[in-house]
Amino acid sequence: MVYRVYVEKKKELAHEASSLRYEIRHLLQIRSLTDVRILNRYDVEGIEEALFDASKTTIFSEPQLDNIYDEPCFEGAAAVFAVEPLPGQFDQRADSASECIQLISQGERPTVRSAKVYLLSSKVTEEHLTAVKKY
C-alpha cells in the first residue's frame, strides 16, 4: 500500500513560500497574486501503517515547525500544481527519508517519492500560471 502525507511550514515560518510570493509579484510582475503555499508531499510504499504514522512526526516533519495533512485543503487556491523529480533523477529528500525509515525499522528500505506542491491564491490567468511554472 502507498501512504501519502503533506507537510507545510507553519504560516509564520514559511519563509520559502513568502520569498517565492515576493519574487512572483516583483520579478514576474504578477501583482494579483495574494498568497503562495508550498507543501512537501511524500509517498511511501513498503512499510506498515504504524511505522508510517510514527514517521510523520519524526522523519517527515518537525511538529513544532510544520503542519501535517493526510488530505490538504486546497480551498481558496486558484491554481495547484506539483513538481517532482523525473524518473531516474536523484531525489535527495526522498532518499534521506527512505534511509531514516530503514534505520528506525531495522528492516527493508521502503520506496519514498517526494514532490513540492504549490498553491497560488489569486486570479491567475493561464498566461500567469505558465510564467510561474517556467520560473
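Just so it is clear, the structure is predicted and the values come from calculations on it, not from any experiment.

## Regarding the environment of aspartate 66
Its place among the elements puts aspartate 66 in strand E3 (residues 66-69). In this structure the C-alpha to C-alpha distance between aspartate 66 and tyrosine 6, which are 60 residues apart in sequence, comes to 9.9 Å. Other than its neighbours up to four places away in sequence, aspartate 66 contacts Val7, Glu8, Lys9, Lys10 and Ser61. A polar side-chain atom of aspartate 66 sits 3.2 Å from a polar atom in the side chain of lysine 9.

## Remarks on the pattern of salt bridges
Tallied over the full model, the rule gives eleven salt bridges. In this structure, glutamate 8 engages arginine 37 in a salt bridge whose closest nitrogen and oxygen atoms are separated by 2.8 Å. With glutamate 8 in strand E1 (residues 2-9) and arginine 37 in strand E2 (residues 35-45), this residue pair connects regions lying 29 residues apart in the sequence. The pair formed by glutamate 8 and arginine 37 is uniform in burial state, with each residue classed as buried. One salt bridge in this structure joins aspartate 70 and lysine 56, with 2.7 Å as the shortest N-O distance. Residue aspartate 70 is located in the loop between E3 and strand E4 (79-83), and its partner lysine 56 is located in helix H2 (residues 49-56); the two are separated by 14 residues in the primary sequence. According to the relative accessible area criterion, aspartate 70 is partly exposed, its value standing at 45%. On the accessibility criterion, lysine 56 (12% relative accessible area) is buried. Where salt bridges share partners, they join Arg4, Arg41, Asp43, Glu84 and Arg113 into one cluster.

## A short note on the layout of surface pockets
Its boundaries defined by the atoms lining it, the largest pocket holds a volume of some 360 Å³. Along the walls of the largest pocket sit 23 residues, with Glu8, Lys9, Ala14, Ala17 and Ile38 positioned nearest its centre. Only E1, helix H1 (15-26), E2 and E3 provide two or more residues apiece to the lining of the largest pocket. Among the elements that make up the lining of the largest pocket, the one with the highest residue count is E2 (six residues). For the lining of the largest pocket, a count of residues per class yields nine nonpolar, four polar and ten charged.

## A few points about the nonpolar core
Judged by nonpolar contacts, the single largest core of 14 residues is most densely connected at Ile24, Val36 and Leu120. Counting only elements with at least two residues in this core, the list comes to H1, E2, E4, strand E5 (111-121) and helix H4 (126-134). Broken down by element, the residue count for this core peaks at three residues, all from H1. Residue contacts for valine 36: discarding those within four places in its chain leaves Ala17, Leu20, Arg21, Ile24, Leu119 and Leu120. The next biggest cluster of nonpolar side chains, apart from the first, holds twelve residues, and it includes Tyr3, Val5, Ala94 and Ala97.

Calculation rules
- Residues numbered from 1 in each chain as written.
- Predicted model: local features only at pLDDT ≥ 70, side-chain atom pairs only at ≥ 80, totals over all residues.
- Heavy atoms only, no water.
- Helix = DSSP H or I, 4+ residues; strand = E, 2+ residues; numbered from the N terminus.
- Contact = heavy atoms within 4.5 Å.
- Polar contact = N/O pair within 3.5 Å; in protein donor to acceptor, adjacent residues only side chain to side chain.
- Salt bridge = Lys/Arg side-chain N within 4 Å of Asp/Glu carboxyl O.
- Buried < 20%, exposed > 50% of the residue type's maximum accessible area, 1.4 Å probe, protein only.
- 1 Å grid on protein atoms, 1.4 Å probe; cavity = no way out; pocket = protein on both sides within 12 Å on 5 of 7 lines; lining within 4 Å.
- Points joined across faces, edges and corners; volume = space filled by probe spheres on them.
- Nonpolar A, V, L, I, M, F, W, Y, C, P; charged D, E, K, R; others polar.
- Core = buried A, V, L, I, M, F, W, Y, C linked by side-chain atoms within 4.5 Å.

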